[in-house]
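# Residue-level structural notes
Spelled out, the chains give:
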Amino acid sequence: MSEIFAGIPEIKFEGKDSKNPLAFKYYDPKKVIMGKTMEEHLPFAMAWWHNLGANGVDMFGRGTADKSFGASTEGTMEHAKAKVDAGFEFMKKLGIKYFCFHDVDLVPEADDINETNRRLDEISDYILEKMKGTDIKCLWGTANMFSNPRFMAGAGSTCSADVFCFAAAQVKKALDITVKLGGRGYVFWGGREGYETLLNTDVKFEQENIAKLMHLAVDYGRSIGFTGDFYIEPKPKEPMKHQYDFDAATAIGFLRQYGLDKDFKMNIEANHATLAQHTFQHELRISAINGMLGSIDANQGDPLLGWDTDEFPCNVYDATMAMYEVLKAGGLTGGFNFDSKNRRPSYTYEDMFYAFILGMDTFALGLIKAAEMIEDGRIDDFIKERYSSFESGIGKKIRDDAVSLKELSDYALNMKAPALPISGKQEYLESIVNNVLFNN
Ligand code: XUL
Ligand code: CO
């Protein structure tokens, strides 16, 4: 098999002074930070759909990038295999150890689901063969339950029992393939699980059915030996006006309500956080404090646009805050999937590599700087000081549940008026972050 990305070498770490566009400036896989190597901290993944599928097509124009990878006709099994060849060459050249897929990213969908499943068997055998002798594995798999017209009214939340069965069939097959390819996780992104108007929607019924589908998936997954995490990927809108998995807090509440919280965690996507009018850091913190930070879809949006632009991350400030949360949470059980695509005019093979170099270097820098923030200690010291009134006296009694409302009231009445809380010192803390970020 001939080289697809001819002329593009293995991408190596050359350090911050390198001007080589095809080299890492910050991502040094074997460098140890806070007791772990960079590649252990940052299990990067390639998103099959964007990297091997998306060709720049948008609502106003045709694709700009050629993603045939040498296949004579697109949308064939020949093309599906060419995508596998391209994907593995790409991952090897970048040192990426994981990939993520939807069922219909791997093969063209047939009119008969039995034929689609046969194609999935064939392509997953081909992928397994490619995996041999490499340490590349699946990070997570998922079923695309939003593109086919049958899912126009949802998948788990559909009004049609027959469509619900098709959703079940796709989830079953996607789980089979995920397990076959050694997947760490399985994702539910509910693109059509929501509504356009409450006039035609039984919200309670739909949410109960989504939970049923998830329970059935957990039971089946465990029965075929899947020991990884299931993930919900929250997103508030797009394509639906309102999606049930609005944000991490909403999704966590849903999982607890329906008894799914032991098997599920969050897959947090940066651009989805901003669509919910949260910061990426907020979504990571909410997931982490609930023991549900599982995996990350690494991208960024454009603050001037209200939709999911899926850009490769370049914002080091945001990446630092994200890695600060990940380090504080003790790492991810999942990884960092670049659910990101090249901009439409960046259509060449080189651009595909530049995009990943950018994303990987951004998170590597974020990791370096987040570790420095933690090792610097000033922020942690301040937070400890800020809440220190709860470490002794009446504050400790509150924390220990050792006091009644009346006793607290008596304490307050005796005091007449409390001292003001200590200053929040936001500007001081922000200057520490800048100091850490730009100290060399
Ligand atoms: C859509 C999105 C999906 C999920 C997987 O916004 O992020 O690609 O990551 O279905
Ligand atoms: Co995503």
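Structure shown above.
The structure displayed is predicted, hence computed values, not measured ones.

Taken together, W49, H102, W140, W189, E233, K235, E269, H272, D297, D308 and D339 make up the full set of residues adjacent to ligand 1. In this structure, H102 approaches ligand 1 through a side-chain N or O atom, which is 2.7 Å from an oxygen atom. The side chain of K235 places a nitrogen or oxygen atom 2.9 Å from an oxygen atom of ligand 1. When ligand 1 sits alone it has 290 Å² of accessible area, and the protein chains cover 93% of it. Under a 2 Å grid-point criterion requiring more than half of the atoms, the pocket assigned to ligand 1 is the largest pocket. Its residues assigned to classes, the shell around ligand 1 comprises three nonpolar, two polar and six charged.

Counted at 1.5 Å a residue, the expected span for helix α6 (residues 161-180) with its 20 residues is 28 Å, and the 29 Å between its end C-alpha atoms agrees. Buried within α6 we find V163, F164, A167, Q170, V171, K173, A174, L175, I177 and T178. Among the residues trailing α6, G182 stands out with phi positive, at a value near 75°.

Our focus in this paragraph is empty space enclosed by the protein. Which parts of space are left empty comes out when a probe the size of a water molecule is rolled across the atoms. Per the stated rule, a full pass over the model turns up four cavities of 30 Å³ or more. Of the pockets and cavities examined, the largest cavity occupies roughly 150 Å³. Looking at the largest cavity, it is lined by 18 residues, and the ones nearest its centre are M145, F188, W189, G190 and E193. Ranked by residue count, the leading element in the lining of the largest cavity is helix α7 (residues 203-223), at three residues. Tallied by class, the residues present in the lining of the largest cavity amount to eleven nonpolar, four polar and three charged. Estimated volume of the second largest cavity: approximately 40 Å³. Listing elements by their share of the lining of the second largest cavity, those giving two or more residues are α4 (103-106), α5 (113-131) and α6.

To continue, consider the pattern of salt bridges. Inspection of every chain in the model, using the stated rule, returns 28 salt bridges. Among the ionic pairs, K81 bridges to E122, the shortest N-O distance being 2.9 Å. Pair noted here: K81 is in helix α3 (residues 77-94) and E122 is in helix α5, with a separation of 41 residues, a long-range link. On the accessibility criterion, K81 (26% relative accessible area) is partly exposed. Judged by relative accessible area, E122 falls into the partly exposed class, the value being 26%. Linked through salt bridges whose partners overlap, the residues forming this network are K81, E115, R118, R119 and E122.

Here Q300 is to be found in the loop between β13 (293-297) and α11 (316-328). Reaching out from Q300, the side chain makes a polar contact with the backbone nitrogen of C314 at a distance of 2.9 Å. With sequence-adjacent residues up to four places away left out, Q300 is seen in contact with N271, T309, D310, E311, F312, P313, C314 and N315.

Turning our eyes to something else, we now look at the side chain of T142. The topology assignment puts T142 in strand β7 (residues 137-142). Among the residues examined, T142 registers a relative accessible area of 5% and is labelled buried. At a separation of 2.7 Å, a polar atom in the side chain of T142 contacts the main-chain carbonyl oxygen of V187. Those residues in contact with T142, other than ones at most four positions away along the chain, are F101, H102, D103, A174, Y186 and V187.

Conventions we followed
- Position numbers for residues start from 1 in each chain and track the written sequence from start to end.
- As a convention, the first chain written is A and the first ligand written is 1, with the rest following in written order.
- Local features in a predicted model are, by the rule used here, given only for residues with pLDDT of at least 70; side-chain atom pairs are given and counted only at 80 or more, and totals for whole chains, interfaces and linings are based on all residues.
- Side-chain measures were taken over the full set of non-hydrogen atoms in the model, leaving aside hydrogen atoms and water.
- It suffices for a single heavy atom of a residue to lie within 4 Å of a molecule or strand for the residue to be listed as near it.
- Whenever a nitrogen or oxygen atom comes within 3.5 Å of another N or O atom, the pair is scored as a polar contact, on the condition that within protein one atom can donate a hydrogen and the other can accept it, and that pairs from neighbouring residues in sequence are kept only if both atoms are in side chains.
- Values of accessible area rely on a 1.4 Å probe in the Shrake-Rupley scheme; residue burial ignores everything except the protein chains shown.
- A 1.4 Å probe that fits but cannot get out identifies a cavity on a 1 Å grid over protein atoms alone, an open set with protein on both sides within 12 Å along at least five of seven lines counts as a pocket, and a residue lines either if it has an atom within 4 Å of a point.
- More than half of a molecule's atoms within 2 Å of the grid points is what it takes for that molecule to sit in a cavity or pocket.
- Just so you know the grouping, Ala, Val, Leu, Ile, Met, Phe, Trp, Tyr, Cys and Pro go in nonpolar, Asp, Glu, Lys and Arg go in charged, and all remaining residues, Gly too, go in polar.
- Each helix is a run of DSSP H or I of at least 4 residues and each strand a run of E of at least 2, with the numbering of both proceeding from the N terminus.
- Expected helix span is computed as 1.5 Å times (number of residues minus one).
- Per-residue accessibility, obtained with a 1.4 Å probe over protein chains only, is compared with the maximum for each type, and a residue is labelled buried under 20%, exposed over 50%, and partly exposed between these values.
- Grid points are joined across faces, edges and corners, and a volume is the space filled by probe spheres set on the points.
- In what follows, salt bridge is the name for a side-chain nitrogen of Lys or Arg lying within 4 Å of a carboxyl oxygen of Asp or Glu.
- By definition in these notes, contact holds between two residues if any of their heavy atoms fall within 4.5 Å.

Geometric values such as these leave the question of function open.
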